[in-house]
Amino acid sequence: YGLEDLTKFGETTIDVGRDKGVKVEFWKAKKRLASGKMKTIVLLKEVPRADGKLRYTNIIYNYHQYGNQSWEEFSAFFAKATKEAIIQLEQVRAKEQGDDWRPAVLWGRDAQSVGALTLLRIEKGKAGSILKDAHLAFTTHTFGNRQTFGLGDLQRVADLIGVPENMRSAFIRWNQMM
């Protein structure tokens, strides 16, 4: 894939519904763009279970196939893992950059990032959080724009992610929460 400087920067364990103790590693790498400039990317790596199986990152978009979980469960996995990756990456950045460190701009661009942004907004409000001064933004679409989904589907995703009732409007329209 043309990745350079692949480095593990963290790990965590998350729960996704009844699936407890899902281990995730966080990696960063550099990718050379067509312009020749380097772009830093972050990768989430689901650690295989004792049986060697992956349940969330086996083959994206092939839900309920090849041992994968549902779209809702993948969305919850992605939201929780992304939130933890961003927190840990910001801690690494703050340590490396010292006095030059500035808060991140966290910009989601797809429906699956709404869950992570909602969890990041909750984290931002916690005393002493590395994200207290981060800037959150979202563009394009949200779950409410998925024409095949009803409110029951959105409720299941919000339940799996652990989104409080007062923030659930984010799944329908992000700007209603802001």
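Please refer to the structure placed before this passage.
Undergrad: Which residues make up the overall build of the chain, and what values go with them?
TA: Across its full length, the chain holds three helices and five strands. Relative to its full complement of 178 residues, the chain shows a buried share of 39%. Total accessible area on the chain is roughly 10,300 Å²; 51% of this is exposed by carbon and sulfur atoms.

Undergrad: Break down the sheet that holds strand S1 (residues 3-16) for me, with residues and values.
TA: In spatial order, the strands read S1-S2-S3; together these three strands make up an open sheet with antiparallel pairing. The open sheet is flanked by S1 and strand S3 (38-46), the only strands paired with a single partner. Pairwise comparison of adjacent strand axes, ignoring direction, gives a mean angle of 20° for this sheet. Bridge count between strand S2 (residues 19-32) and S3: nine bridges; the pairing is antiparallel. What sits directly across from valine 24, in S3, is glutamate 46. Relative to the sheet, helix H1 (residues 71-97) contacts S1, S2 and S3, its axis offset from that of S1 by approximately 125°.

Undergrad: Requested: an account of a nonpolar patch on the surface, with residues and values cited.
TA: A cluster of nonpolar side chains, namely Tyr1, Leu3 and Leu6, defines an oily patch on the protein surface of about 400 Å² accessible area. Its location among the elements puts leucine 3 in strand S1.

Undergrad: Please give an account of the packing of H1 against helix H2 (residues 111-124) that cites residues and values.
TA: Running from N to C, H1 and H2 cross one another at 45°; their axes reach a closest spacing of 8 Å. What the angle tells us is that H1 and H2 run oblique. Considering the relative orientation of H1 and H2, their crossing is right-handed. Of H2, the residues touching H1 (which contributes Trp71, Phe74, Ser75, Phe78, Ala79, Lys80, Thr82, Lys83, Ile86 and Ile87) are Gln112, Ser113, Gly115, Ala116, Leu119, Leu120 and Glu123.

Reading guide: rules and limits
- Residues numbered from 1 in each chain as written.
- Predicted model: local features only at pLDDT ≥ 70, side-chain atom pairs only at ≥ 80, totals over all residues.
- Heavy atoms only, no water.
- Helix = DSSP H or I, 4+ residues; strand = E, 2+ residues; numbered from the N terminus.
- Buried < 20%, exposed > 50% of the residue type's maximum accessible area, 1.4 Å probe, protein only.
- Areas by Shrake-Rupley, 256 points an atom, 1.4 Å probe, with all protein chains shown as cover.
- Pairing = 2+ DSSP bridges.
- Axes fitted to C-alpha atoms, helices over the stretch in contact; angles between N-to-C directions.
- Contact = heavy atoms within 4.5 Å.
- Patch = residues over 30% accessible without salt bridge, like charges linked within 9 Å, V, L, I, M, F, W, Y side chains within 5 Å.
- Salt bridge = Lys/Arg side-chain N within 4 Å of Asp/Glu carboxyl O.
- Parallel < 35°, antiparallel > 145°, perpendicular 65-115°, else oblique.
- Left-handed = near helix turned anticlockwise from the far one by under 90°.

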